[in-house]
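# Chains, contacts and geometry: an overview
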2 protein chains.
Amino acid sequence: MKNGKYSISDVAEMLGVSKSTVSRAINGNSGVGEELRKKVLDLVEEIGYKPNTIAQSLSRGHMNIVALILGDIRNPFYADLTFNIQRILNKHGYMVMVFNSEYDVRREIEFLKLTLQFNFAGLILITAQAESVEGMLHSMNIPIVLVNRILPSYEGDSVLTDNFRAGYMAVMHLLELKHKHIGFIKGPGISSASTQRFDGYRQALQNFGLPFNEEYVFASDLKLETGISLAQKFVKELKERPSAMVIVNDMTAVGFMDGCKENGLRIPEDLSIVSFDNVDISAIKGIELTTISQHVDEMSEHTARLMLKQLKNKECKPERVILEPTLVVRNTTSLYEE
Amino acid sequence: MKNGKYSISDVAEMLGVSKSTVSRAINGNSGVGEELRKKVLDLVEEIGYKPNTIAQSLSRGHMNIVALILGDIRNPFYADLTFNIQRILNKHGYMVMVFNSEYDVRREIEFLKLTLQFNFAGLILITAQAESVEGMLHSMNIPIVLVNRILPSYEGDSVLTDNFRAGYMAVMHLLELKHKHIGFIKGPGISSASTQRFDGYRQALQNFGLPFNEEYVFASDLKLETGISLAQKFVKELKERPSAMVIVNDMTAVGFMDGCKENGLRIPEDLSIVSFDNVDISAIKGIELTTISQHVDEMSEHTARLMLKQLKNKECKPERVILEPTLVVRNTTSLYEE
């Protein structure tokens, strides 16, 4: 007896019928009498033959699965976005597979290849690196939505907040509170969201004649632990400190605040902080971050909507949705007093 | 001209060579002269033929992908666990695909089916529901590791903390601080981790002759928002309040504390809180949760190790790793004073 896997040919041969008869019987299609259908199903059951439905889907040319690539599963902003997008796509009959790229471009490219090979229905990119990825996107003939990232010459559907404006707003808020020396903690260099926030910050400094000091610029990988260790550096290594910091995301800010407090700095009395994202935790008493909301709910809804639109009609005109950021003032910023 | 997809047969026919020659040329195997190889590759390039590597992997019977199913991507305990597991498996050449079940058993079963159909190399289940899933696991002939969950008659590899002991420890700590009236916020009923923590709590109450009051028991879906809304109920609807609460996870505890403070309760002066997980955020000043660590790093390492062991040798003896929980005392518990 054959050990393990039977093919549809084996089933057909055992019953002395054609492969297409077996297939029709299994799939419940017409053209097979009840008696024969039962005979086929009984045999299939008995020998444990499993129809290769993936191969079938591949040959039919689609699967109800949308791949979603994000940079770091531990970032609550990404987690919220992913959760919301999945919830909407699920309602419309699509499953979501999540890939965590760790901001590694090679891994991202591997995932893009898998997306093609598996013949997934669509692709949502919450993180996207530089040109190498862009080239692949152009050649992928499936629905794609780019979220929170800009690629230089990508013209398909995308959803983002106006990150330049967000960076600018952060400085404006601090300026109204009379701060003059304002530092910045950037995100990974490959993140366009981070780069644009930084550009907005620089532009605002320039427009209002505030000094820019390279020593006040730090870099984070967006993680809480990194915020803590940057605070050590900030408190111990700077001869003069700025009176305010703009920080690329809430998690880094939460860690940074903690490290500052650990080293005797009071927030906001000694240092004002504005960050970005407005994740759940930023509203909690004892944290109460002044932060710039990216409207994760709206962002998720637009992303899901654009994906569903393309899934329905591949030829539709691409849209770029740009959401306005909103400043949420809580307790980490206060008037600068000399 | 053919529109779209070419098969390897088409390529072979166009060049008047055999399919295996085309295959050898594409895969860089020997037995094909340089000139012919170039001819094949040029044609392949020209017509846009893509070898169906997934179909190849399926027929070879394996793919270097491990599926990982979790309950809620927004829970930082799961996110940390997933991130760490992925990092180790990546080093050994495996990719990880993440599925977010939203604790929905139907979705979990869909994911299990996909895992089989896609012929993934292995499966890590960070959440697993009741019997319906258990039946499927028994019939899946691939490496499986069950994490942080117990299924009644599942005997394969699994990694968990001793959750009964964790629940017991929480009560012991509160008892040492002279608390007598201790409530509990449970997790979803389908979570064995939650159920066992609750059982440990009840056993400790019983062993030390403390009263159990059904009114002091609440249920959470493990989310921060839910903690906030439970606090409203706790403060406004209870005639008499317990002096301490044991809370199924840190995120619910963070929300619950926030809601309590919002309603004028001081933590720990008016209410002591012990939770479970010890996620990053629980150590932050202003939160400083007394919590029971599940040792997420060790948990991830054991999970990855067991998966790799099975991937190497399917027939190895199953292991059940049970980690000892550790109490981390911070600032949400204090001596009960009448």
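The structure we're discussing is the one just above.
First, a word on scope: everything that follows refers to the structure included in this document. (Residues numbered from 1 in each chain as written. Chains lettered and ligands numbered in written order. Predicted model: local features only at pLDDT ≥ 70, side-chain atom pairs only at ≥ 80, totals over all residues. Heavy atoms only, no water.)

## Some words on the overall build of chain A
Keep this limit in mind: Put simply, DSSP marks the helices as runs of H or I at least four residues long and the strands as runs of E at least two long, and each gets a number from the N terminus on. Radius of gyration means the value over C-alpha atoms here, while the globule rule gives 2.2 Å times the residue count to the 0.38 power. Burial classification: accessible surface area is computed with a 1.4 Å probe over protein chains only, and a residue below 20% of its type maximum counts as buried, one above 50% as exposed, and the rest as partly exposed. Pairs of residues are marked as contacts when any of their non-hydrogen atoms sit within 4.5 Å. Under the convention used here, a 1.4 Å probe and the Shrake-Rupley method define accessible areas, while residue burial counts only the protein chains that appear.
Scanning chain A from N- to C-terminus turns up 12 helices and 12 strands. Taken over the C-alpha trace, chain A has a radius of gyration of 27 Å; the compact-globule value for 338 residues is 20 Å, which it surpasses by more than 25%. Overall, chain A is about 95 × 40 × 30 Å in size when its C-alpha atoms are taken along their principal axes. Every one of the 338 residues in chain A was classed for burial, and the buried ones make up 55%. Contacts spanning at least 24 positions in sequence make up 70% of the contacts within chain A whose residues lie at least 6 apart. Put simply, chain A shows about 14800 Å² of open surface, and 49% of that area lies on carbon and sulfur atoms.

## Comments concerning the interface of chain A and chain B
This is how the line gets drawn: In this description, buried area is defined as the sum, over both parts, of the accessible area (probe of 1.4 Å) that is lost when the two are combined. Salt bridges, as used here, are contacts in which a Lys or Arg side-chain nitrogen is within 4 Å of a carboxyl oxygen on Asp or Glu. For this analysis, a polar contact is any N or O atom pair within 3.5 Å, provided that within protein one partner can donate a hydrogen and the other can accept it, and provided that sequence-adjacent residues contribute only side-chain to side-chain pairs.
Taken together, the 45 residues of chain A in the interface contact 46 residues of chain B. Taken over both partners, the interface formed by chain A and chain B buries close to 4300 Å², and the fraction arising from carbon and sulfur atoms is 64%. A per-residue breakdown of the area chain A buries against chain B is headed by A:Ile73, A:Phe83 and A:Lys285, which together make up 15% of the total. Applying the counting rule to chain A against chain B returns six salt bridges. Between B:Glu262 and A:Lys285 there is a salt bridge; the shortest N-O distance is 2.7 Å. Linking chain A to chain B there are 11 residue pairs in polar contact (both at pLDDT 80 or more). Looking at the side of chain A that touches chain B, the elements that each hand over two or more residues are α4 (53-60), α5 (76-91), β2 (95-100), α6 (105-117), α10 (224-237) and α11 (250-262) of chain A.

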